[in-house]
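# An overview of the molecular structure
The chain contents come next:
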Amino acid sequence: LKHAERAHRQTCCREREPLVHCWAMEYHAPETHLKEKEASDVHDYEDDDKIRFGRVPLLADELALDDAGATIVFIFPCSDECGGTVQADTLQKDPLGSAKRIFYRDESYYRPPFTLFEELKEQNLTVGRYHEIIRAELLGLLQREGFWAQSSESIDKDEVFLKVGLGTQSDQLGALAEHHRYRMPISTSLYTQKVNGMKQRVPAYTEFSNAARDKFESFGQCDEIRVIYTWLYNRINLNEMADQGLIVAHFPSAKYKEMLNLYQEWGRFGLVCRWPTPQDLQLIRNYFGEQIAFYFAWFQTYMKALGILAIGATLVKMREYSFWPMSLSKFLTNIYAVFLVGWVAAVQKQFRRKASRLEQLWGMVGWDNQQAVTRPSYKPELEGTKRAFMLKFAGNFVMVTFILLFAGAIISVQYLDKQMRDNGDGRLRNYTPYIVAVSIKVFDFAWGKIAKTLVEWQNHRTEARFDDALAGTLAAVKLFVVLFPFLQIAFLQGNVDVTCAKTTEEAAVSVYALRGWPTGTRLYDRGVDHTNVTLLRENMEDGDLDFLANFISQSMSGNMCIAGCFPSVCRSKRVAVFGESRFERTLVCWTNCWVDLRKQLLTYYALQFCSAFAFLIIPVVIVKIAIILEIARVKGINPLVAIVRGMVGLRVSSRADSDSSIGSEYSFLQYQAKCNVIAPYMYKSWGGSYVEDFMDLLANYSLLACFSTVAPGMVVVNFVALFLTYRIVAFRMNNVTGRPFPSGAEGIGVWQAILDSVAVIAVTINVALLTFYQSPVKTWPQGQQLFFFIFAEKVLFSIRALVEAAFPNEPDDVTHIEDVYEKVSALEFASEPAAPANGYDYSLVQVGLYPHMDESCSDTNSDGADSHSALRQRGFSKRNVYYSGV
C-alpha cells in the first residue's frame, strides 16, 4: 500500500501537478481487517506488463485482451469536455431525491459509513459534483464488501470502464452465496451420482455453506455473476443509474477463451448442417444461464420433430399430382390431419419430459421462489388496493380494444375487396394477401410497444413474474393477430360472402366475371365467355356447371345463391371404380377459400422469414460498422475506407500503427461494451430478447400446427429455414448480442401453458378443416358435418388425454433420482460468520469525469502543466479522478 502511495505521488510530480492536489491519491485503509491478495482469490489476474491479443469472429483486427479479472463491468461517461455526455457545469435537479431512487433501501441496510444523503443536501449542486459523489459511494460499497476493482479508458477517451469481481475461489463470494441462500451442487465425494434418461450424470443440490466449502463443487462464472448481481440489485437500482446518465451501461463480462470455445462448438454459421446436440445445451447453460438454455432446448425439440412431420408433409404434397389415385390422395390428406394433431401432442409431451430432466440436472427445481429478487419499481403498498385493480382492469380493456380494432381492420379489407369485385373492379383482390400480411406485422409491432407499458402498470414483485406477465399479454394478442385472418378466410368467408341471382347462370357469371372459369372445367377448356350470361347460355352444354353442385343453394326468396367458397381450381383425377380393377377420370376442385388461404399462408411465411433474417443480420452489420468507425476515428483513418476494409474482412488498422498499449488498441472489453450498448439482450432492442425470440418461434409453431394441412409444402421449407434461423440466432447471441445476465428458470415457465393452449386450438382447427374442406365429409349435409365435427373433436381430445395419462410429465428416472437424493440434499452444513472483507487497493481506480487529465479536455498553463485549480474553482475535487478509499 505504501508503494502504491509513493507511486501516485511520483506520478503527480512527473505531471508537474501541484502537491496540494495529490492529497486525494493517498490510500486510506478501511477499519476492517486487511488481507494480502492471493492469486486464488480472483480470476487469473495478469500482473505482468505483457499485452495479449486475440481476434473475434466479427472483426479481422486484433483486440487487446483485457478481460482478466472482470466479472461485472460498469461503463461511466466522461465530461463533455473529454468527448463524453456529462454536462458537468449544469445544476443537478433534485440531487437528494435522485440519489434515493438509486440507493432505494433504508439507510440502515448499507454498511457504515453511509453519509451519501447528508452530502447531497447542499444547495446548487452541479451535475459533475453529483456524479462524483454517487460514483465514490458505489466504489465505497464495493470496497467494503471486498470486491476487486480496476479501471481503464475507452480507446477514444470518452468513457471509463470499471471491472469488478470477487473470484470464484474467494471467501467473500462464498459468504454472499450463503447469505442469499444460493443453491450449489454437492461434491460427488459425498454420494454416487445417478444417470437420467438422457444418459447424463445428475448432481444433487442444496443451499451453499461457506464453512463446508469443500463439500460443494466449485463456483462457475455464471454463479459468481448471479451472486454479485443479487447483492447489487438488493442495494442499488442500476436501471435508475442508467436512466440518470450516471452509467452508460453495465454487463456481465465474457471471458475471451470461453467465448471463443462457444463459437467453435456452437456459434459458428459453418455448423448449419450439423444437427444440434445435448452438449450444445450444456455450453449454452454455462455461458448464458438456464433461461436461455431452455429456449434453445425447445428450439431443438421443435426442429427435430419438424423433420418427422416434413416426411409426411412431402407425401401429402405429392397427392396434388395427377398420377396419384384420388382414393389414395383423400386417404393421405385425412391421415395427415389426424397425424398432425398427434404430432402436436407428442412434441408437447416430449419437451415437458425433457424440461423436467433438465430442471433436475441444472438444479432449477424451485428456483423461481428461492432465488427471486424484488424489482426496485415494486410498490408493496399497492397490493390489494383499488388502484391496483383499476390498473389491471385498464390493461385488460386496452387489450380487448386492440383485438377488436385488428379484427375490424381485417374484415374491412375483405369487405372493400368484395365491394370492388361486385362493381367489376378486381384490382384489390391480387394485393389482399400482402395487405393482410403487412397488417399482421404492423399490429404485432404496435402491440409490442403497448404491452410492456400495460405490464408495468401491474406492479409485479419479481422479474420472473414480470416476464411471465409480459409473455402472456403479448401471446394473447399475437396469437389472435396471427390466426384470425386465416380463420376468417377458412370459416367465415364461405357464409358471409354469398352471391345470389335469379338463375344459376346469372349467379355463376357474377362470381366468375373477374376470376374466369375454374381451370380444368369444360367451360374453361372450350373458352366460353365468363362475363356475359347470354353467351354462356348459347354455348353451354349439359353438365358444364356440375362443378357448382355442392356450392349452390336456393334462398327463401327463390334466388340461386353461390357460397362465398366456390370452385377456383379443378383438376382431373383417377378414381378407382368400386368392385372393379379399373380407374376412371373425375373432376376434383379446390375452392377459392382454400386457394386464398394457401396463398395468404405462404405470403405471411415468406414475409415472416424475410423479416426474421433481416432483424438477425442487421444488428451484426450495425455493431460491426460502429466498432470500425470508432477504431477509424481514433486511428485517423478515412471512415469510408475503414468500413469497406472491415466489411470485406480486412483489418481496419494494424498494431504497428499504434504504440502497443492497452489504451491505444481496441480492446476485448470495449468490443463487449459496444455490443451491450447497441445490441443488449433486452426487449425491443437489436440484440433480441427472451420474450421476442420465443414469440417468433410461437407464431411459427402455431401456424404450422393449425394450418399445415392447407399448405404441406411449407413444412419442408420451414424445416430448412429454421435450421438457418437457429444458426443465425446462435451467431448473434455469441458475437453480437451483449452477454445477458445468466438467469435461472424452471423450464420455459408460462410459455408451456401458452403452447398447451396452441395444442388445443390446433385440434379444433384441424378437425374443422377436415370437416369442411376434405372429401367425403365436405359434401355431406350441414347437420351431418356438425355431428362429425363434434364427434371427431371429442375423439381426438380423448386420445390426447389418454396419451397425457400414459406418459406423465415427470419421467420415472426423475422421480427415482429425486427420491434417492432427498437425504443427500437434506444434509445440514455448519455456517460461520462472514470473514472480514479483503481491502483491495482502490487507489488506482479512476472513474472520474476527467480520467486522463491531458490537454484534450482540461486547461493547461503556459509550461504545459494541467491547471487543476481551475477544476477546484468549479467545485470539483481530485476525488473525481482517483478514488481515495473509505
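Everything numeric here is computed off the predicted structure, so don't read it as measured data.

## A word on the overall build of the protein
A tally of regular secondary structure across the protein gives 27 helices and 15 strands. Evaluated residue by residue, the protein yields a buried proportion of 54% over its 886 residues. Within the protein, residue pairs in contact and separated by at least 24 positions form 76% of the contacts whose partners lie at least 6 positions apart. For the protein, the exposed area adds up to about 39500 Å²; of that, 57% sits on carbon and sulfur atoms.

## What to know about the confidence of the model for the protein
Here the protein averages 80 in pLDDT, while 83% of its residues score no lower than 70. Predicted confidence for residues 1-49 stays below pLDDT 50, and this span has 77 contacts to residues more than four positions away or in other chains. This stretch, residues 858-886, has a pLDDT under 50; its non-local contacts, to residues over four places away or in other chains, come to 83 contacts.

## A word on the pairing of strand 4 (residues 148-153)
Strand direction decides the pairing type here: strand 4 and strand 5 (residues 159-165), joined by six bridges, are antiparallel. Residue pairing across strands places Ala149 opposite Val164, the latter belonging to strand 5. As consecutive antiparallel partners, strand 4 and strand 5 are separated by five residues, and within that stretch Lys157 has a phi angle of approximately 65 degrees, a positive value.

## Quick notes on the packing of aromatic side chains
Evaluation of the coordinates by the stated rule reveals 46 aromatic pairs. Ring centres 6.2 Å apart and planes at 65 degrees place the aromatic pair Trp266 and Phe288 in the edge-to-face group. Taken together, the residues span a long stretch of sequence, with Trp266 in helix 8 (residues 256-267) and Phe288 in helix 9 (residues 278-288) at a distance of 22 residues. Looking at Trp266, the relative accessible area reads 0%, which means it is buried.

## Looking at unusual backbone geometry
One non-glycine residue, Asp94, adopts positive backbone phi at about 45 degrees. With respect to the helices and strands, Asp94 occurs in the loop between strand 3 (72-77) and helix 2 (95-102). Its identity as a non-glycine residue notwithstanding, Lys684 has a phi of 60 degrees, on the positive side. Residue Lys684 is classed as partly exposed on the basis of its relative accessible area, which comes to 32%.

## What about the sheet that holds strand 12 (residues 552-554)?
Consider a sheet: its strands pair through backbone hydrogen bonds, and that pairing is either parallel or antiparallel. Taking strand neighbours across the sheet as the criterion, the three strands line up as 11-13-12 in an open arrangement whose pairing is antiparallel. At either end of the open sheet lies a strand with only one pairing partner, and these are strand 11 (499-501) and strand 12. Each strand axis lies, on average, 25 degrees off the axis of its neighbour in the sheet, ignoring direction. Bridging between strand 12 and strand 13 (residues 560-562) involves three bridges; their strand directions are antiparallel. Across the sheet, Gln554 pairs through a bridge with Met560, a residue of strand 13.

## Details of a negative patch on the surface
A cluster of acidic residues, Glu810, Glu818, Asp819 and Glu822, forms a negative patch on the protein surface. Here Glu810 is to be found in the loop between helix 25 (782-806) and helix 26 (812-825). Its relative accessible area of 35% is what places Glu810 among the partly exposed residues.

## A short note on the nonpolar core
In this structure, Phe296, Trp343, Tyr671 and Phe707 are the most contacted members of the largest nonpolar core, which totals 199 residues. Among the elements that take part in this core, helix 10 (residues 290-317) stands out by supplying 16 residues, more than any other. In contact with Tyr671, not counting residues within four places along its chain, are Val56, Leu58, Leu59, Leu63, Met259, Ile627, Tyr666 and Asn735. Of all hydrophobic cores here, the second largest spans 18 residues; its members include Val511, Val528, Val533 and Ile562.

## Some remarks on the sheet that holds strand 4
Here we have four strands laid out as an open sheet, ordered 4-5-3-10, and antiparallel in their pairing. Looking at strand neighbours, the two that pair on one side only are strand 4 and strand 10 (249-252), the edges of this open sheet. Across the sheet, the mean angle separating the axes of adjacent strands is 20 degrees when strand polarity is ignored. Sitting on the sheet, helix 21 (residues 668-678) touches strand 3, strand 4, strand 5 and strand 10, and the angle it makes with strand 10 is about 115 degrees.

## Observations regarding the state of the cysteines
All chains considered together, the criterion is met by three disulfides. Covalently, Cys500 is tied to Cys561 through a disulfide, its sulfur atoms 1.9 Å apart. With the S-S dihedral at roughly 110 degrees, the linkage between Cys500 and Cys561 falls on the right-handed side. Linking Cys500 in strand 11 with Cys561 in strand 13, this pair joins segments that are 61 residues apart in sequence.

## Section: the pattern of salt bridges
With the rule as written, the count across this model stands at 23 salt bridges. A salt bridge links Arg52 to Asp67, with the shortest nitrogen-to-oxygen separation between them at 3.6 Å. Of this pair, Arg52 sits in the loop between helix 1 (2-14) and strand 1 (53-54) while Asp67 sits in the loop between strand 2 (63-64) and strand 3, placing them 15 residues apart in sequence. Taking the shortest distance from any N to any O, the salt bridge between Asp696 and Lys478 comes out at 3.7 Å. In this pair, Asp696 sits in helix 22 (residues 690-707) while Lys478 sits in helix 15 (residues 463-496), placing the two residues 218 residues apart along the sequence. With relative accessibility at 33%, the residue Asp696 sits in the partly exposed group. Sharing partners across several salt bridges, the network here consists of Arg522, Arg526, Glu541 and Asp544.

What counts and what doesn't
- Residue indices follow the written sequence of each chain, beginning from 1 at its first position.
- Predicted model: local features are reported for residues with pLDDT of at least 70 only, side-chain atom pairs are reported and counted for 80 or more only, and whole-chain, interface and lining totals are derived from all residues.
- Only hydrogens and water are set aside; all other atoms, that is, all heavy atoms of the structure, feed into the side-chain values.
- For the purposes of this entry, the term helix denotes a DSSP run of H or I that reaches at least four residues, the term strand denotes a run of E that reaches at least two, and both are numbered from the N terminus.
- Remark: exposure states derive from per-residue accessible area (1.4 Å probe, protein chains only) relative to the maximum for the residue type, with buried under 20%, exposed over 50%, and partly exposed in between.
- Contact definition: two residues touch when any of their heavy atoms are within 4.5 Å.
- Here the Shrake-Rupley method, with its probe set to 1.4 Å, supplies the accessible areas, and only the displayed protein chains count as covering residues.
- Each residue gets a pLDDT score, which is the predictor's confidence in that residue and runs from 0 to 100.
- For two strands to pair, DSSP has to find at least two bridges joining them.
- Only the six-membered ring of Trp is used, alongside the rings of Phe and Tyr, when aromatic pairs are assigned; centres must lie within 6.5 Å, and planes under 30 degrees apart are stacked while those over 60 apart are edge-to-face, with the rest tilted.
- Only C-alpha atoms enter the line fits that serve as axes; for helices the fit covers just the stretch in contact. Angles between N-to-C directions range over 0 to 180 degrees.
- Each patch is assembled from residues with relative accessible area greater than 30% and no salt bridge, linking like charges that lie within 9 Å and nonpolar side chains (Val, Leu, Ile, Met, Phe, Trp, Tyr) that lie within 5 Å.
- Salt bridges, as used here, are contacts in which a Lys or Arg side-chain nitrogen is within 4 Å of a carboxyl oxygen on Asp or Glu.
- Charged residues are defined here as Lys and Arg on the positive side and Asp and Glu on the negative side; His and the ends of the chain fall outside this count.
- Charged side chains are reduced to one point each, which is NZ for Lys, CZ for Arg, CG for Asp and CD for Glu.
- Definition of nonpolar core: a set of buried residues of the types Ala, Val, Leu, Ile, Met, Phe, Trp, Tyr and Cys, connected through side-chain atoms within 4.5 Å.
- Counting rule for disulfides: a pair of cysteine sulfur atoms within 2.5 Å.

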